[in-house]
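Understanding the architecture of this molecule
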Amino acid sequence: MPSDSRGAESAPIRFEAELSTIDDTSLVRLPEAASEQLPSRGQVAVHATIDGHPFETVVEPDGRRGHWVRSTATYSRPPGSAPETPPS
């Protein structure tokens, strides 16, 4: 009988990727090798770290057997830079 691994810690999936922009959305496309290590071809909830900043998010399927992660200002700004201040 298959074991249920939901909630179990998995080995980290490490990769480097470039930030892409489509219209007004910034995202990171997972390399094929990283995407293949995910437990599903669908959405996958993950604990991630980008440039030393930990966060939780959902990795989304791209419709071509790959995955991507939406980028936010919280972890997409260059290391050491100040967060953007909204105009008043």
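Each residue is numbered by its place in its chain's sequence as written, counting from 1. Whole-chain, interface and lining totals are the exception, using all residues; otherwise, since this is a predicted model, local features are given only for residues with pLDDT of at least 70 and side-chain atom pairs are given and counted only at 80 or more. With hydrogens and water set aside, each side-chain value is computed from the structure's full complement of heavy atoms.

A short note on the pairing of strand β3 (residues 44-50)
Every other side chain in a regular strand lies on the same face of the sheet, so the side chains alternate between the two faces. Our working definition: When DSSP locates at least two bridges between a pair of strands, those strands are taken to pair. A helix here means a DSSP run of H or I that spans at least four residues, while a strand means a run of E at least two residues long, and both kinds are numbered starting from the N terminus.
Across seven bridges, β3 lies against strand β4 (residues 53-61) in antiparallel orientation. Along β4, the bridge assignment pairs valine 46 with threonine 57. Between the antiparallel neighbours β3 and β4 lie two residues, among them aspartate 51 with a positive phi of about 50 degrees.

Overview of the environment of isoleucine 50
Stated precisely, the cut-off is as follows: Here's how the labels work: a residue is buried when its accessible area is under 20% of the maximum for its type, exposed when over 50%, partly exposed in between, all with a 1.4 Å probe on protein chains only.
Residue position: isoleucine 50 is located in strand β3. Isoleucine 50 sits in the partly exposed class, given a relative accessible area of 25%. C-alpha separation for the pair isoleucine 50 and glutamate 16, spaced 34 residues apart in sequence, amounts to 9.7 Å.

Comments concerning the confidence of the model for the protein
Selection rule: Confidence of the prediction at every residue is given by pLDDT, a number between 0 and 100. Note on contacts: a residue pair qualifies if any of its non-hydrogen atoms lie within 4.5 Å across the two residues.
The predicted model of the protein averages 76 in pLDDT, with 72% of residues at 70 or higher. Here helix α2 (residues 73-76) stands out as the least confident element of the protein, with mean pLDDT 50; helix α1 (residues 32-36) is the most confident, with 91. Long-range and interchain partners of residues 1-6, a stretch whose pLDDT sits below 50, account for zero contacts in this model, where long-range means more than four residues apart. Of the regions scoring below 50 in pLDDT, residues 81-88 engages in two contacts with residues more than four places distant in sequence or in other chains.

What about the environment of serine 71?
Within the secondary structure, serine 71 is located in the loop between β5 (67-70) and α2. The exposure class of serine 71 is buried, given its relative accessible area of 11%. For the pair serine 71 and serine 20, spaced 51 residues apart in sequence, the C-alpha separation works out to 9.1 Å.

Regarding the sheet that holds β4
Heads up, the condition is: Every angle, taken between N-to-C directions, lies between 0 and 180 degrees, and every axis is a line fitted to C-alpha atoms, over only the stretch in contact when it is a helix.
The antiparallel open sheet is built from five strands, whose spatial order is β1-β2-β5-β4-β3. Each edge of the open sheet is held by one strand with a lone partner, namely β1 (19-22) and β3. The sheet shows a mean angle of 45 degrees between the axes of neighbouring strands, direction not considered. Both β4 and β5 contribute to a ladder of two bridges, which runs antiparallel.

Observations concerning the environment of valine 46
Tracing the backbone shows valine 46 in strand β3. Residue valine 46 is classed as buried on the basis of its relative accessible area of 18%. Discounting residues that sit within four places of it in the chain, valine 46 has contacts with Phe55, Glu56, Thr57 and Val59.

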